[in-house]
Amino acid sequence: MNAEIAALIGQPLREVVYYRPSEYEDCELNGPAGHDVGQGVELSFDGGHCFITWDTTLEEEIRVQPGRLIDWLLSGYFERMGSHADWQPLIERPLTAVQVGQNEVRLNFGMQEVFIVTAEIDPLSGQIEGRTDNLVVFFDVNQRQAFWQQYPEQSAP
């Protein structure tokens with residue numbers, strides 16, 4: 001793990017920002033199945049920022065990068081999520097671990113886990129499809145496991 005990311009362990013989460021393509025600005029993409037993020041998730045702490053984004057150039061196809069995602073993207077729709085019902089209980093809680101696997105990042109905030117996977121939610125059917133250049137955030141381990149059951153050839157991270 002990058003030393004800048006490791007330095008965020010133990011720090012309280014202050015804000016979460018989703019970065020989505022501009023065409024998603026008027027869509028509701030946060031539902032009970034998960035949050036369809038689009039381009040990335042940025043996490044803010046007292047000591048800095050990091051972001052999670054998809055990356056087809058890496059073997060893992062997902063990465064955690066120190067810094068601000070806005071420094072990488074020139075346009076998009078930026079949605080603050082810290083007051084959203086799914087994220088709000090995690091604000092002010094310290095990040096206790098970050099695990100990066102193939103197509104998934106697992107964030108631990110004590111006993112609460114957040115899973116970010118390379119996937120997208122079909123807005124019409126609600127079906128979650130994996131291995132895409134989008135991200136889906138799961139707050140429930142059962143929803144995450146149901147997602148991975150669609151891909152039995154790949155063990156869940």
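See the structure above.
Remember, it's a predicted structure, so these values are computed and weren't measured experimentally. The written sequence of each chain sets the order in which its residues are numbered from 1. The predicted origin of the model limits local features to residues at a pLDDT of at least 70 and limits the giving and counting of side-chain atom pairs to 80 or more, whereas totals for whole chains, interfaces and linings rest on all residues. Side-chain measures were taken over the full set of non-hydrogen atoms in the model, leaving aside hydrogen atoms and water.

So, about the overall build of the protein chain. Secondary structure assignment for the protein chain yields two helices and 11 strands. A run of DSSP states H or I qualifies as a helix once it reaches four residues; a run of E qualifies as a strand once it reaches two. Both are numbered from the N-terminal end. Going from N to C terminus, the protein chain has its helices and strands arranged as α-β-β-β-β-β-β-β-β-β-β-β-α. In this description the radius of gyration comes from C-alpha coordinates, and the expected globular size is given by 2.2 Å times residues to the power 0.38. For 157 residues, the compact-globule estimate of 2.2 N^0.38 gives 15 Å, and the C-alpha radius of gyration of the protein chain, at 14 Å, lies within 12% of that figure. Scored against the burial criterion, the 157 residues of the protein chain give a buried share of 47%. Contacts are assigned to residue pairs with any non-hydrogen atoms lying within 4.5 Å of each other. Long-range pairs, those at least 24 residues apart, make up 54% of the contacts in the protein chain with a sequence separation of at least 6. For the charge count, each Lys or Arg is scored as positive and each Asp or Glu as negative, with His and the chain ends excluded. The atom standing in for a charge is NZ when the residue is Lys, CZ when it is Arg, CG when it is Asp and CD when it is Glu. Charge separation in the protein chain, taken as the distance between the mean sites of 9 positive and 25 negative side-chain charges, equals 7 Å. Relative accessibility under 20% of the residue-type maximum defines a buried residue, over 50% an exposed one, and the middle range a partly exposed one, all with a 1.4 Å probe and only protein chains included.

Should DSSP find at least two bridges between two strands, the strands are regarded as paired. The sheet contact formed by strand β8 (residues 97–101) and strand β9 (residues 104–109) spans five bridges and is antiparallel. Within the sheet, the bridge partner assigned to V98 lies in β9 and is L107.

Another point: helix α2 (residues 141–148). By the burial criterion, the buried members of α2 are R144, F147 and W148. Down the axis of α2, the buried side of the element spans an arc of 95°, and every buried residue falls inside it. Where α2 begins, the side chain of D140 points an oxygen toward the backbone nitrogen of N142, at a separation of 2.8 Å. Taking the helix axis as origin, the arc is that swept by the directions to the C-beta atoms. As used in this structure description, the phrase polar contact means that two N or O atoms lie within 3.5 Å; if the pair is within protein, one of them must be able to donate a hydrogen and the other to accept it, and residues adjacent in sequence are counted only when both atoms belong to side chains.

As for its placement among the helices and strands, E104 is situated in strand β9. With a relative accessible area of 2%, E104 lands in the buried category. Reaching out from E104, the side chain makes a polar contact with the side chain of W148 at a distance of 3.0 Å.

Glancing now at the packing of aromatic side chains. Aromatic pairs are defined between Phe, Tyr and Trp rings, using the six-membered ring for Trp, whenever the two ring centres lie within 6.5 Å; interplanar angles under 30 degrees are classed as stacked, those over 60 as edge-to-face, and all others as tilted. Tallied over the full model, the rule gives four aromatic pairs. When the centroid spacing of 4.6 Å and the interplanar angle of 65° are considered together, the rings of Y19 and F78 count as edge-to-face. On the criterion of sequence distance, the pair formed by Y19 in strand β1 (residues 13–20) and F78 in strand β7 (residues 77–80) is long-range, its members being 59 residues apart. The partly exposed category is assigned to F78, whose relative accessible area is 35%. Here W87 and F139 contribute two aromatic rings whose centre-to-centre distance is 5.1 Å and whose plane-to-plane angle is 85°, an arrangement assigned as edge-to-face. In this pair, W87 sits in the loop between β7 and β8 while F139 sits in the loop between β11 (128–138) and α2, placing the two residues 52 residues apart along the sequence. Like F139, W87 is buried. Here the aromatic residues F138, F147 and W148 are joined through ring pairs into a cluster of three or more.

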